[in-house]
Amino acid sequence: MEQINLSSDTVTKPTTEMLEFMMSAEVGDDVMRADPTVIALENKLAGMFKREAALFFPTGTMANQSAIKIHTQPGDQFICHEWAHVFNFEGGAAAWLSSISSRLIKGDRGMYSADQLKDALNDPDDVHLPLSKLVAVENTTNKGGGACWDIEELRRVRTFCSQHDLRLHLDGARLFNALVRRGETPDMYGEIFDTISICLSKGLGAPVGSVLIGSNDVINRARRIRKALGGGMRQAGYLAAAGIFALDNNVERLKVDHEHAQQLAIALEACNVVERVETVETNIVIFYIDKQYREEEFINMLEKENIIISNMGNGKLRMVTHLDITSEMIERVEDVLKKL
Ligand SMILES: *Cc1c(COP(=O)(O)O)cnc(C)c1O
């Protein structure tokens, strides 16, 4: 029985075509700016977002945390949603590497409104309070179940940040899911944010890699921080090639993942032991099972059918669709859920 791994969209493995493209990459020492494939990937993304520059990183965590480091000074405060990946799932790096504190906002499915920023902002003239310096947005939201921000709200967030001398960072690990879902283009986001991080190794299907996008000044500083964090890679063009291949081949097909997630949501709604399924917009399905059952039991039951899902804690269970999930696999999950 073939394994169906719905635990995350990070589990995809490169296809033969992607591997062939990677192996034929022209490479050089990227720390010396001599890897033409890394430069091509960076230029490609900077161009798509209509920004000056971009920088290839081994992980999204390193890209996000480098951005936070650039935008803040020790003692400053940054503002993000209480579920934000940058706060919850990056090893506490904002406190550790940037020595900043975090102001957390509550809100629907990992999002908040520009109005809520008013309450979160500290008075810059009150010396008791840490200086608010940076606002972070996540799109799509991870813990929020793949929800997409309304671009008009993001424009209001931008206006607020400009009025109050705040930098604005987008954790766009799954931004391409939002673009495909909402029919938006990268330059619409390039216009709003000071920095944007993009993951190539989630739904886009590359084995490794993230990219930070911004102005020349910010990206030059990011290059120095990346080196200090140990992220200066040499013949990284083999990995960057996977990112180029992913951007050329795997963006439009994200809508297939979104359709699969809708199908799973419908099957879960109909399943006897499932209490509630959250709204599904992209490739993440968050659901809760009836109180009388334990999450572990449910997960083990699926595991016996070789179906892997993840436990987000506090009763939250998660299924994520991706490149390696076929329509046949979705049908098998539907059959298994019917029998529970
Ligand atoms: C996956 C992810 C990241 C980056 O994770 P890495 O594993 O470090 O590449 C950042 N933000 C969000 C929302 C993510 O889902």
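The rules behind each value
- Residues numbered from 1 in each chain as written.
- Predicted model: local features only at pLDDT ≥ 70, side-chain atom pairs only at ≥ 80, totals over all residues.
- Heavy atoms only, no water.
- Helix = DSSP H or I, 4+ residues; strand = E, 2+ residues; numbered from the N terminus.
- Rg over C-alpha atoms; globule rule 2.2 N^0.38 Å.
- Buried < 20%, exposed > 50% of the residue type's maximum accessible area, 1.4 Å probe, protein only.
- Phe/Tyr/Trp six-rings, centres within 6.5 Å; stacked < 30°, edge-to-face > 60°.
- Lys NZ or Arg CZ within 6 Å of the ring centre and 35° of its normal.
- Pairing = 2+ DSSP bridges.
- Axes fitted to C-alpha atoms, helices over the stretch in contact; angles between N-to-C directions.
- Contact = heavy atoms within 4.5 Å.
- Core = buried A, V, L, I, M, F, W, Y, C linked by side-chain atoms within 4.5 Å.
- 1 Å grid on protein atoms, 1.4 Å probe; cavity = no way out; pocket = protein on both sides within 12 Å on 5 of 7 lines; lining within 4 Å.
- Points joined across faces, edges and corners; volume = space filled by probe spheres on them.
- Nonpolar A, V, L, I, M, F, W, Y, C, P; charged D, E, K, R; others polar.
- Domains from an automatic or database assignment.
- Buried area = accessible area lost by both parts, 1.4 Å probe.
- Lys, Arg positive; Asp, Glu negative; His and termini not counted.
- Salt bridge = Lys/Arg side-chain N within 4 Å of Asp/Glu carboxyl O.
- Near = heavy atom within 4 Å.
- Polar contact = N/O pair within 3.5 Å; in protein donor to acceptor, adjacent residues only side chain to side chain.
- Areas by Shrake-Rupley, 256 points an atom, 1.4 Å probe, with all protein chains shown as cover.

What the protein contains, in helices and strands, is 14 helices and 13 strands. What you see for the protein is a C-alpha radius of gyration of 20 Å, in line with the 20 Å of a compact globule of 340 residues. Projected onto its principal axes, the C-alpha positions of the protein cover 60 × 55 × 35 Å. Across the 340 residues that make up the protein, the buried fraction comes to 57%.

Counted under the stated rule, the structure contains five aromatic pairs. When the ring centre of Trp83 is taken as reference, the NZ or CZ atom of Lys316 above it lies at 3.7 Å.

To continue, consider the sheet that holds strand S12 (residues 310-313). Taken together, the four strands give an open sheet; going across it, the order is S9-S10-S13-S12, and neighbouring strands pair in antiparallel fashion. Edge positions in the sheet fall to strand S9 (274-277) and S12, since each of these pairs with one other strand and no more. The mean angle between the axes of side-by-side strands here comes to 35°, regardless of whether they run parallel or antiparallel. Note that S9 and strand S10 (residues 284-289) share three bridges and pair antiparallel. Bridge pairing links Val274 to Ile289 in S10. Taken strand by strand, helix H13 (residues 295-304) contacts S10, S12 and strand S13 (316-320), and its axis lies near 25° from that of S13.

For the rest of this paragraph, the subject is the pairing of S13. Most of S13 sits inside the fold, with five of its five residues counted as buried. Where burial is concerned, the two faces of S13 agree: the one with Lys316, Arg318 and Val320 and the one with Leu317 and Met319 are both buried. Alignment of S10 against S13, held across four bridges, turns out to be antiparallel. Within the sheet, the bridge partner assigned to Ile286 lies in S13 and is Arg318. As paired elements, S12 and S13 share three bridges and run antiparallel to each other. Bridge assignment links Asn311 to a residue of S13, and that residue is Leu317.

Another aspect to go through is the nonpolar core. Counting residues in hydrophobic clusters, the biggest one holds 57 residues, and the most contacted among them are Phe176 and Tyr189. Per-element accounting of this core gives the leading share, seven residues, to helix H11 (residues 237-249). In this view, Phe176 contacts Leu45, Met48, Phe49, Pro186, Ile198, Leu204, Leu247, Val251 and Leu254; residues no more than four positions away in its chain are not counted. With 28 residues, the next largest nonpolar core counts Ala261, Ala267, Cys271 and Ile330 among its residues.

Here the focus is empty space enclosed by the protein. Scanning all chains against the criterion turns up one cavity of 30 Å³ or more. If you add up the space inside the largest cavity, you get close to 70 Å³. For the lining of the largest cavity, the elements supplying multiple residues, two or more each, are strand S3 (77-81) and strand S5 (132-138). Top contributing element to the lining of the largest cavity by residue count: S5, with three residues. Here the lining of the largest cavity is built from residues that sort into seven nonpolar, five polar and two charged.

Another point: the domain arrangement of the protein. Split by domain assignment, the protein resolves into domain 1 (4-8 + 253-339) and domain 2 (11-249). Of note, the centres of domain 1 and domain 2, computed from C-alpha atoms alone, are 28 Å apart. Taken residue by residue, the interface counts 20 residues in domain 1 and 24 residues in domain 2. Between domain 1 and domain 2 lies a buried interface of about 1,900 Å² when both sides are counted; carbon and sulfur atoms form 51% of it. Looking only at domain 1, the three residues that lose the most surface to domain 2 are Leu254, Glu281 and Ile284, adding up to 31% of its buried area.

Before going further, it helps to spend a moment on the side chain of Lys133. If you trace the backbone, Lys133 turns up in strand S5. Here Lys133 is buried and forms no salt bridge, its nearest opposite-charge partner Asp165 lying at an N-O distance of 4.1 Å. Ignoring any residue separated from it by four or fewer positions in sequence, one finds Lys133 in contact with His71, Thr72, Asp76, Gln77, Asp165, Leu166 and Arg167.

Neighbouring the ligand are 13 residues; Gly60, Thr61, Asp171, Arg174 and Lys202 lie closest to it. The side chain of Asn142 places a nitrogen or oxygen atom 3.0 Å from an oxygen atom of the ligand. Contact between the ligand and Lys202: an oxygen atom at 2.9 Å from a side-chain N or O atom of the residue. In isolation the ligand has 380 Å² of accessible area, and contact with the protein removes 84% of it. Of all the elements, helix H3 (residues 60-71) adds the most residues to the shell around the ligand, at three residues.

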